[in-house]
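Close look at the chain arrangement
The chain contents come next:
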Amino acid sequence: MIVRQLGVRQSRQLLALSRRAPASSRFFSSEIPVDTAIQTPTQESIEPLPIAASIPKAQNPLHEVVQVSQAPQGKWAQWEKSKSKFNSLGSLTKDAFDPEDVIRNPPSPSDITLELLLASGTHLGHSTSRWNPQNSRYIFGVREGVHIIALDVTAAYLRRAAKVVEEVAARGGIILFAGTRKGQKRAVVRAAELAGAYHIFERWIPGSLTNGQQILGHCETKVVNAFDKELPDFKQDLADRPSVKPDLVICLNPIENVVLLHECGLNNVPTIGICDTDADPTRLTYPIPANDDSLRSTSLIAGVLGRAGQAGQARRLKMAEEGKLTYEPITVHELKVDPFTGFMPGTEGQKKD
Amino acid sequence: MARHTPNGIVQAMQSLRISNSLASRPNIPSLRYATRKYATEVQPESATETVIATETEIQIEAEAETSMKTQKVKAAPAINFEKFNIAPARIIPASPSYFSGSPRFIDHVLRLEALQAKFAHLPIVDAAEAPRMAWLKLAQFRDFVGEPVPVKKYKSLLKILQSMNRIAPDMVPGEVRDSLASFLRPGNPYSTQHSPREVDEMGRARAKGKRKESTAVVQLVEGEGEVLVNGKSLVEVFQRLHDRESALWPLRCVDRLDKYNVWATVHGGGVTGQAEAITLAIARALLLHEPGLKSSLRKAGVITVDARRVERKKAGHVKARKMPTWVKR
């Protein structure tokens, strides 16, 4: 028993006051003091706890904690390891939504279901007053003043776009993922990484295609063989070359990237883009009617296209293993010849063969 | 080109048909490929090689004909089965961030962000306890990446570096240490620890003080209260009583006037500035002798640096701020 209050309570108000027992009250305990198993850290590191010793090592989750090595890095690693052992204890959470999952492990085009699209909120369009009537064929209806995009159409268009990405990747095309809105960076970089593609998550510099030599002229390029291994021997032939142009551009926010799409149109570069109900679908070669304002929706679409590109690249490399080229390769002559004058180096002014 | 398409049979049939129809015609270089047997031989460059080498070939053939009877012909070199590996296929950008216009910078940022995420679980120390690092200056960084990086973007990169620098020093993984080291400017300016000033073996404490345009250097020795400023007595240098008072105020306010000798050199500025520069120098030198006096000297206001300087004159103004008198017309 612990005597909590020595003085007699004076009034009902005081009685009602729920005060915490002061720390000193534990010294008024009338029980016989018992030795508790308190050990200093130095002792702990030398000999294991008596309780821990009685449990067989295999069953004891504290086994690693007890044997503490001196190096702080090792200590930390063991602490992490023991923590992970305790992770299996307690209740299990099943089918919980992990926002990182769609970026780390995006679904492949064959995994597209209407449920997945619905769960990712791809069906939510814009307020009806902001619509572009050209999108009417993608629109399912109106709910609470917001246009709802037909999910079956979204799925079909997304599958078609995935097919396009896969075929372009399989033919050694240069694919550019562009998502310049805040928060799209990781999804864009991840999709480009999967598809062996290129990414842009900051502002598209106007003129990168139409005035490429000025803007991208200083950026490095390389000559690769059919297996994508760099051939350093041709490095000096890359000096005065026009900048590289993408063969396919995937734009996650076409509304903000009008300039990019305009330049793609001028250069005959096909584009895939997420076309919300307020966007102009004629600016895109392969529109995907979906919600472009939700990061979950855009990351899903970028991930699916990334996976498609991954499959295409794998196919291309497999063909290369078999000795087949899926595209017209650049020849040594084309590399050696000046791209602007058409002369071999050192033969300027002479008659061209 | 027909030979690259996977649908080989159709193409082969077509090319057969073409070659049959053209059998009577002279051999066209583009049709020579139809006779190929192995896909690994796909070498369009050979066409160009023959074009380039025609003149030399003719010469060689002519020579060979003449020397045929006299000399034995060498065997052909071994077949190069690795030709597919060395044949160029595509020109592609070296970095996935090629189209951003500053690929090297963005690659650095992405690499650092990935590292940061990888080691986010490691314990961190307070920003004040983290080792002080001399990161590359903006101009140096621009040279390092070879791209015109804007100030704002470099600041965001420095933020990542700083946050990784806060990982507990004994737990820093080698990977992080190496990548942080690549952003350090050569030579560590923070490695040299300045030793605190002390009274030298002759009993002198040396300190400097500045005020306005004046600079004073004071040597303070234990003694009887003699004061020499630029080799002259205090009265000669400072005619105003106020200046003399203020010059020796650190000694006076703690009753040490008759316990130290002052030997001061002062230059620059006017009389007041020189006197107050000496004040600061004496106070600092006195702290070397008696560090315990710091609080009383602080209260007396003699170890506080007065950093005010004369404000520059502006164009359109009469002085620093004074405007010319307004005239009606």
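Everything below is about the structure shown above.
This structure is a prediction, so every number in the text was calculated from the model and none was measured. (Residues numbered from 1 in each chain as written. Chains lettered and ligands numbered in written order. Predicted model: local features only at pLDDT ≥ 70, side-chain atom pairs only at ≥ 80, totals over all residues.)

Brief notes about the overall build of chain B
Assigned secondary structure in chain B consists of 12 helices and 6 strands. The burial tally for chain B puts 19% of its 329 residues in the buried class. Across chain B, the fraction of contacts at a sequence separation of at least 24, relative to all contacts at a separation of at least 6, is 69%. (Helix = DSSP H or I, 4+ residues; strand = E, 2+ residues; numbered from the N terminus. Buried ≥ 20, exposed ≤ 12 C-beta atoms within 10 Å, placed from the backbone. Contact = placed C-beta atoms within 7 Å.)

Things to note about the overall build of chain A
Helix and strand counts for chain A come out as 13 helices and 9 strands. Residues counted as buried form 30% of the 353 residues belonging to chain A. Considering only intrachain contacts with a sequence separation of at least 6, the fraction spanning at least 24 residues in chain A is 61%.

So, the interface of chain A and chain B
Facing 40 residues of chain A, the contacting portion of chain B comprises 32 residues. Here the residues of the side of chain A that touches chain B sort into 24 nonpolar, 10 polar and 6 charged. As paired elements, strand β6 (residues 221–224) of chain A and strand β1 (residues 90–93) of chain B share 4 bridges and run antiparallel to each other. Residue pairing across strands places K222 of chain A opposite I92 of chain B, the latter belonging to β1 of chain B. (Nonpolar A, V, L, I, M, F, W, Y, C, P; charged D, E, K, R; others polar. Pairing = 2+ DSSP bridges.)

Overview of the environment of T265 of chain B
All names here are of chain B. Mapping T265 onto the fold places it in strand β6 (residues 260–267). In this structure, the C-alpha to C-alpha distance between T265 and N230, residues 35 residues apart in sequence, is 4.7 Å. In this structure T265 touches V217 and N230, once residues within four positions along its chain are discounted.

Details of the packing of helix α9 (residues 185–195) of chain A against helix α12 (residues 295–321) of chain A
Residues and elements named next belong to chain A. With their axes 7 Å apart at the nearest point, α9 and α12 run at an angle of 15° to one another. In terms of axis orientation, α9 runs roughly parallel to α12. Pair α9 / α12 crosses with right-handed handedness. Here A187, V188, R190, A191, L194 and A195 of α9 lie close against α12, whose contacting residues are T298, S299, A302, G303, L305, G306, R307, G309, Q310 and Q313. Considered class by class, the residues forming the contact of α9 with α12 number 7 nonpolar, 7 polar and 2 charged. (Axes fitted to C-alpha atoms, helices over the stretch in contact; angles between N-to-C directions. Parallel < 35°, antiparallel > 145°, perpendicular 65-115°, else oblique. Left-handed = near helix turned anticlockwise from the far one by under 90°.)

Description of α9 of chain A
Counting buried residues along α9 of chain A, 8 of its 11 residues qualify, which places the element largely inside the surrounding structure. Positive backbone phi, approximately 60°, marks G196 of chain A, located one or two places after α9 of chain A.

Considering the sheet that holds β6 of chain B
All names here are of chain B. Reading across from one edge, β2-β3-β6-β4-β5 is the order of the 5 strands in this open sheet, with mixed pairing throughout. Whereas interior strands pair on both sides, the edge strands pair on one side only; in this sheet they are β2 (205–211) and β5 (232–233). Looking at chain direction, β2 and strand β3 (residues 214–222) are connected through 7 bridges and run antiparallel. Residue pairing for β3: A205 is matched across the bridge by L220.

A closer look at the pairing of strand β8 (residues 271–275) of chain A
All names here are of chain A. Counting buried positions along β8 gives 5 out of 5 residues, so the element sits mostly inside the fold. In β8, alternate side chains face the same way, and those of T271, G273 and C275 on one face and I272 and I274 on the other are all buried. Note: strand β7 (residues 248–251) against β8, 3 bridges, orientation parallel. Of the residues in β8, the one forming a bridge with I250 is I272. Once the chain exits β7 it traverses helix α11 (residues 258–266) before rejoining the sheet at β8, and the crossover so formed is right-handed. In this structure, β8 lies alongside strand β9 (residues 286–289), joined through 4 bridges in parallel fashion. For G273, the partnering residue across the bridge sits in β9 and is P287. (Right-handed = clockwise from strand over helix to strand, strands pointing away.)

A closer look at the nonpolar core
Across soluble globular proteins, nonpolar side chains have a tendency to be buried as a group. In terms of nonpolar packing, the biggest core is built from 56 residues, with V165, I175, L176, F177, A178, I250 and L305 of chain A touching the most fellow members. Top element by residues in this core is helix α8 (residues 151–170) of chain A. It accounts for 8 residues. Excluding its chain neighbours within four sequence positions, the residues that come into contact with F177 of chain A are V188, A191, A192, A197, H199, I250 and A302 of chain A. Ranked by size, the runner-up nonpolar core spans 28 residues in total, among them V262, A264, I278 and L287 of chain B. (Core = buried A, V, L, I, M, F, W, Y, C linked by C-beta atoms within 7 Å.)

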